[in-house]
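What follows is each chain in one-letter form.
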Amino acid sequence: MALKKIAFLFNKVRTKQDISKNHFYGMYGLREHGFTTTYLEVEHILPKRLCTLLRKKILTMHYAHLPLFPLFFAYDAIITSTAYASMIVFAALRSVGIHWFKWILLDFNILGTIGSAGSFRQKLFKWSVSKVDAIVAISEAEKEGLQSMFPHLANKIVFIPEATDLELFSPTESSASGRGVLAVGTYGRDWKTLVEAVKGTDINLTIATKPRLVQDLLPLPHNVTARLYTPQEMKQLYSDACAVVVPLNPDPSYVDSVGTLSVGEAMAMGKAVVVSRTKSMESYIQDGVNGIYVEPRNVEMMREVLLELVGNKEKQETIGKSARTYAETVLSDKNFSKHLALLLQQL
């Protein structure tokens, strides 16, 4: 049976305007390939006030779609990166021969969540993942790690580069000049190394993150600011920065794709990006061409690279142009949708 009717499960997304379209994982682009797509949220069946209460007290990210499970049977396939509780129900039904629709899992932390598979929760999650129909990884390293763990799914695990909204994030004329550097993110970031690297320099560092994540580094140096910003403010911060840094703190064996979204946004803005080298980042960054690698936790290397880059406008522009070209070619929503369509056709 051809898969044509697809439902996406997000997390608190109610209108297209709520969020950059790269967070829709190709939902709209699939329509150009003949698929009928929609998304499901509890707000579709329950009053908004009740949903707000439920989300705050009960329906966290992984449980938010459980009340909708009966609706899934009206679709040929479900695509999600969260909805883990619903996935467990799907796995249980499949185990007793009920396999009415396909389940495609978008991988943003599968291997990290499974970990050593030592606890009951880890074992349960690993078992439920083993029952899905396909997995989309967002790096080659993730793909290979998942294929090793789930060999029966090997030919149904694909790498598709994470999409970026090339219209929202596009090169604009900066209203700032000087030595401003932007760092973005909440999960898996190594703020300590970055702050130490710029301490005592004339680099003005803006960290867009939750204040509690830099609590251990207080008081911050006078040239470092850290807080959350609105989406509108973020685009201006990207525009004004002469470089964007994504400092990561991975275990050497860690392959989950942490930081790829921030890297994609910066590249789409035409910015030179400095990234901690990880296995997953190797799917996106060609060192010295569309970005610059630094070794994880290396304060001196981070400082040296940043000082050289912020003082070299020609290098900023050269890398930034290559980054934008890469984003247009590889990180477009259309590219993601095209490869997702091929996977669905295979199923």
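Everything that follows concerns the structure shown earlier in this document.
What you see is a predicted model; the values in this text were computed from it and never measured. (Residues numbered from 1 in each chain as written. Predicted model: local features only at pLDDT ≥ 70, side-chain atom pairs only at ≥ 80, totals over all residues. Heavy atoms only, no water.)

S.K.: Account for the pairing of strand β8 (residues 204-208), with residues named and values stated.
M.R.: The buried fraction of β8 is high, at four of five residues. Two strands pair when backbone bridges link them, and strand β7 (residues 180-184) and β8 are joined in this way by five bridges, in the parallel orientation. Counted as the bridge partner of V181 is L205 from β8. Across four bridges, the pairing between β8 and strand β9 (residues 224-227) is parallel. Looking across to β9, one finds that A208 is bridged to R227. (Buried < 20%, exposed > 50% of the residue type's maximum accessible area, 1.4 Å probe, protein only. Helix = DSSP H or I, 4+ residues; strand = E, 2+ residues; numbered from the N terminus. Pairing = 2+ DSSP bridges.)

S.K.: Summarise empty space enclosed by the protein; cite the residues concerned and give the values.
M.R.: One pass over the structure, following the stated rule, counts two cavities of 30 Å³ or more. Of the pockets and cavities examined, the second largest cavity occupies roughly 30 Å³. Taken together, the residues of the lining of the second largest cavity break down into six nonpolar, one polar and no charged. (1 Å grid on protein atoms, 1.4 Å probe; cavity = no way out; pocket = protein on both sides within 12 Å on 5 of 7 lines; lining within 4 Å. Points joined across faces, edges and corners; volume = space filled by probe spheres on them. Nonpolar A, V, L, I, M, F, W, Y, C, P; charged D, E, K, R; others polar.)

S.K.: So, unusual backbone geometry: which residues are in play, and what are the values?
M.R.: In the segment running from L218 into P219, the intervening peptide bond is cis, with an omega of -5°. Examined against the element boundaries, P219 turns out to sit in the loop between β8 and β9. For A117, which is not glycine, the phi torsion reads 55° and is therefore positive. Here A117 is to be found in the loop between α3 (110-114) and α4 (120-129). Even without being a glycine, R297 presents a positive backbone phi close to 65°. If you trace the backbone, R297 turns up in the loop between β12 (292-294) and α9 (299-310). Accessibility expressed as a relative area gives 44% for R297, which makes it partly exposed.

S.K.: Could you give an account of the layout of surface pockets, with specific residues and numbers?
M.R.: Here the second largest pocket is characterised by a volume of approximately 390 Å³. Taken together, 20 residues line the second largest pocket, and the ones lying closest to its centre are A241, K271, K313, Q316 and E317. At five residues, the largest contribution of residues to the lining of the second largest pocket is made by helix α10 (residues 313-330). Along the lines of polarity and charge, the residues of the lining of the second largest pocket split into seven nonpolar, eight polar and five charged.

S.K.: Tell me about the sheet that holds strand β1 (residues 5-9), and name the residues and values.
M.R.: Within the open sheet, the six strands sit side by side as β2-β1-β3-β4-β5-β6. Their pairing is parallel. Of all strands in the sheet, those bounded by a partner on one side alone are β2 (36-40) and β6 (157-159). When strand polarity is set aside, the average angle formed by the axes of neighbouring strands in this sheet is 20°. In this sheet, β2 lies alongside β1 in parallel orientation, the contact comprising five bridges. Bridge pairing in β2 links A7 to T38. Helix α11 (residues 333-346) contacts β1, β3 (77-80), β4 (102-106), β5 (134-137) and β6 of the sheet and is inclined by roughly 160° relative to β5. (Axes fitted to C-alpha atoms, helices over the stretch in contact; angles between N-to-C directions. Contact = heavy atoms within 4.5 Å.)

S.K.: Explain the packing of helix α2 (residues 84-95) against α4 to me, using residue names and the numbers behind them.
M.R.: Two elements in contact, α2 and α4, have axes separated by 9 Å at closest approach and are oriented at 60°. When you trace α2 past α4, the crossing you get is left-handed. Judged by residue contacts, Y84, M87, I88, A91, A92 and S95 of α2 engage L124, F125, W127, S128 and V129 from α4. (Left-handed = near helix turned anticlockwise from the far one by under 90°.)

S.K.: Got a sec to walk through the sheet that holds β9? Specific residues and values, please.
M.R.: Strand pairing within a sheet occurs via backbone hydrogen bonds; the two strands may be parallel or antiparallel. Judged by pairing direction, the sheet is parallel, and its six strands sit side by side in the order β9-β8-β7-β10-β11-β12 without closing on themselves. The sheet terminates laterally at β9 and β12, the two strands that pair on one side only. Put simply, the sheet's adjacent strands are angled 20° from each other on average, direction ignored. Where β7 meets strand β10 (residues 243-246), three bridges bridge the pair, whose relative direction is parallel. Counterpart to V181 in the pairing with β10 is A243. Where helix α7 (residues 231-240) meets the sheet, it contacts β7, β8, β9 and β10, and its direction lies at approximately 135° from that of β7.

S.K.: An account of the environment of F8 is needed here, citing residue identities and associated values.
M.R.: On the secondary structure map, F8 appears in strand β1. Classification of F8 as buried rests on a relative accessible area of 0%. Put simply, F8 and Y39 are 31 residues apart on the chain and 4.4 Å apart in space, counted from C-alpha to C-alpha.

S.K.: Can you explain the nonpolar core? Please cite residues and give values.
M.R.: Within the largest apolar cluster, 35 residues are counted, with the highest numbers of intra-cluster contacts made by F72, W103 and I135. Counting residues per element, the ones that place at least two in this core are β1, α1 (48-57), α2, β4, α3, α4, β5 and α5 (140-149). Filtering out sequence-adjacent residues up to four positions away, W103 remains in contact with L9, F72, I78, T80, A83, S86, M87, F90, V132, D133 and A134. Grouped together as the second largest cluster of nonpolar side chains are 31 residues, F169, Y238, A266 and M267 included. (Core = buried A, V, L, I, M, F, W, Y, C linked by side-chain atoms within 4.5 Å.)

S.K.: Tell me about the side chain of T260, and please be specific about residues and values.
M.R.: Assignment of secondary structure puts T260 in helix α8 (residues 260-268). Residue contacts for T260: discarding those within four places in its chain leaves I138, E162, M281 and Y284.

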